[in-house]
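# Survey of secondary and tertiary structure
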Amino acid sequence: MGLDYAWIHLIFTIPPAVILTIILRPLVTKIDLYKIIFLVSVAVTYTIPWDSYLIHTKVWTYPPHGILGPTLFKIPLEELFFFVIQTYVTSLLYILVNKPTVYLTYLFDDTDPRKSDVQYFRWRKRLGQVFFACFTLSSYYFSTLPSSKGTYLALICVWAGPVIFMLWCLAYQPLLTLPRSKTWLPIILPTAYLWIVDTIALLRGTWTIESGTKVGLQLWPGLEVEEALFFLVTNTLVVFGLTAFENALAVVEAFPDKVPVVPTLPSPSLLIQALFLSPAEYDTSRINGIKEALKNLSAKSRSFYLASSIFSGRLRLDLILLYAFCRVGDDLVDNAGSAEEAERWISHLAVLLETLYSADHSKRKLDEALAPFPPASRAILALLPTQALPSQPLFSLLEGFTSDVDFSRLKGKVSNREAASFPIKTASDLETYASRVASTVAELCLHLVYYHEPGANTKQNSFSSMSIRDRCLRNGAKMGLALQYTNIARDVYVDARDGRCYLPTDWLLEQGTTPEHVIETHGKADGVAETRERLLDNAFAIYKESRGAIEDLPRYARAGIRVAVESYMEIGRVLVEKMAAGGPLEELSGSGRRNRASVPKPRRLLVGWGALTGRRSGAIPEKQVKTG
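Residues numbered from 1 in each chain as written. Predicted model: local features only at pLDDT ≥ 70, side-chain atom pairs only at ≥ 80, totals over all residues. Heavy atoms only, no water.

## As for the nonpolar core
Among the nonpolar cores identified, the biggest contains 190 residues, and W50, L104, Y152, L322 and L352 are the most heavily contacted of them. Looking at which element gives the most residues to this core, the answer is helix α7 (residues 225-254), with 18 residues. Sequence-distant contacts of L104, defined by excluding residues within four places in its chain, comprise A250, A254, F255, I287, I290 and L317. (Core = buried A, V, L, I, M, F, W, Y, C linked by side-chain atoms within 4.5 Å. Buried < 20%, exposed > 50% of the residue type's maximum accessible area, 1.4 Å probe, protein only. Helix = DSSP H or I, 4+ residues; strand = E, 2+ residues; numbered from the N terminus. Contact = heavy atoms within 4.5 Å.)

Structure, rendered in structure tokens:
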């Protein structure tokens, strides 16, 4: 009996597992735990017979002074734990680096040989198949080496090769198209680390590879080439297995026509069916629409893009599609060349909504309603999840766009207009506008949360559940006001540059200035700083009043909503800090152009982490507690 092997675990394998567990604890979902448990179970079950054979045939041995004593099929307890801990650590690292990944966007129909990119893709797929087939068959070559020197290599190849080949055939699409950091990093990092650990163990004599079963080559002093290959292929097995799992899950979640209802924990049989679904049956229009939606969000709404990675499953996809729909509509109206063009876009959006919510929702009518929009926008707009959303907030959103049209009518006429002509005359006008363009979006997001809540059909009949839901919807609408007020306070310069001023006219008059002067001076007019501060006061007061309702939301979505809110309110905190420092609120680009203030990426990540854990959630700048 000895503690050498246990010492290896205590010093080298358990600490990274603990660290990764702490880091990922707020991010891990039920489906993540399901993946890990599934992979660990498969890894242990598949490896036990092979490992037992190696010990029985004395390919490797464990000195009695190095192990505690208990064994299973001659496999030491510590070795069984190694199967678990290695799979666990590699799985956690994979989940960490892939948390923002939307796997659906890496699926495509590769069955049409007429496409040049498909031909190239098929060539890479077949090259991988040939490589892994040769890897498997090389076991025969190693088994024929004289004096049994290739025994260990042959056993590695014949054990791991067929599984890697099978996983490649099933999950080749994401394995070939995912960024290399998403697949190679979770393989290389734990492999390199375990090479070091294995070197230490071999030099200490914790375990031994018998000289007659190895070729005698070393990667570096103390590390046999067989051991280096073993850790490389085992981590490859884990990463390929997780990628295949994610591939199957993406198919299950992405196509409602194939799987109308997604179980909280999809059965292995359902996942296997998804893996064997022909790419020719993929809904490519849905895939392309979600790709366009993600591209839109990553460029124009970094806070929501960050928060979206906290959600999972169809809720995440529907939130992305909803938010992208709103962004596309807003951009079409904002970027219109004239008020008339902007009004046409609003009219087209109204026709589209009427079509989407119509009982007679035919493809012909939908195509007609989408025809006026740019192709990239059509892909997004067609996927609005109307089955989960009430129509009224969406039509209210279009009413909010009309205020932007009013600014378009005034554009270029600054010198001739009077303060009374501006759409946002009073704080009440501002609240009406913000409720239409922001409260509606917040309310719609919460409708999706409740629609996708596990067990929603049974819970929604409970009076207490409905009462909590109504309170959350009301507070969500209020929180939308806070986020929009923060947005307006940030964008004063950018809006003024575009001929707009959303600060209430009566507030500006109290400061001795007017909306015209704000636009003429690009937001530098006297009194603007005080008005922006007053608006932030209101934003943080509403935020303080409404934030508690987040904790009454369904548990599965609570953290994601918290991250979305805190990421956006951090913009307000940045503005308050800049005001306190007396510096400019806008940021200068490399060309000297003034741009809206933003939250640095490290700070965004820190805020997101704090919101996940609840430690920083709810921080309010000291001055921003009054209403105005």
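## Side note on the packing of helix α1 (residues 4-24) against helix α3 (residues 77-98)
Two quantities define a packed helix pair, namely the angle between the helix axes and the distance between the axes. Across the interface, α1 lies against α3 with an axial gap of 10 Å and an inter-helix angle of 25 degrees. Considered as vectors, α1 and α3 are oriented roughly parallel to each other. Note that α1 runs across α3; the crossing there is left-handed. For the pair α1 and α3, the contacting residues are Y5, A6, H9, T13, I14, A17, L20, T21, I23 and L24 in the first and E78, E79, F81, F82, I85, Y88, V89, L92, L93, I95 and L96 in the second. Its residues placed into classes, the contact of α1 with α3 shows 16 nonpolar, 3 polar and 2 charged. (Axes fitted to C-alpha atoms, helices over the stretch in contact; angles between N-to-C directions. Parallel < 35°, antiparallel > 145°, perpendicular 65-115°, else oblique. Left-handed = near helix turned anticlockwise from the far one by under 90°. Nonpolar A, V, L, I, M, F, W, Y, C, P; charged D, E, K, R; others polar.)

## Points about the UniProt feature "transmembrane region" (unreviewed entry) in the protein
Sites flagged by UniProt as "transmembrane region" (unreviewed entry) map to residues 6-24, 36-55, 80-97, 127-145, 151-172 and 184-209. End-to-end, the C-alpha atoms of residues 184-209 are 28 Å apart, and along that stretch the chain is 81% helix and 8% strand. (UniProt positions renumbered as here; feature names shortened; annotations may be inferred.)

## A look at the environment of S546
By the element assignment, S546 lies in helix α22 (residues 528-546). Through-space distance from the C-alpha of S546 to that of S41 is 44 Å; in sequence the pair is 505 residues apart. When neighbours within four sequence positions are excluded, S546 is seen to be in contact with N475, K478 and M479.

## Some remarks on the packing of aromatic side chains
Applying the stated rule across the entire model yields 29 aromatic pairs. For the pair W50 and W159, a centre-to-centre distance of 4.3 Å together with 15 degrees between the ring planes defines the contact as stacked. Remark: W159 occurs in helix α5 (residues 151-177) and W50 occurs in helix α2 (residues 30-56); sequence separation between them is 109 residues. Across the pair, W159 and W50 agree in class, each one buried. Pairing W345 with F373 gives two aromatic rings, centres 5.6 Å apart and planes at 25 degrees, and the pair type is stacked. Here F373 lies in the loop between α13 (363-370) and α14 (375-381) and W345 lies in helix α12 (residues 339-356), a separation of 28 residues in the sequence. Assigned by exposure class, W345 and F373 land together as buried. Site record: aromatic cluster; members linked through ring pairs are Y5, Y46, W50, W60, Y62, F82, Y152, W159, W207, F230 and F231. For K125, the ring lying beneath its charged end belongs to Y172, and the centroid distance is 4.3 Å. Just above the ring of W7 sits the side chain of R204; from NZ or CZ to the centre is 4.3 Å. (Phe/Tyr/Trp six-rings, centres within 6.5 Å; stacked < 30°, edge-to-face > 60°. Lys NZ or Arg CZ within 6 Å of the ring centre and 35° of its normal.)

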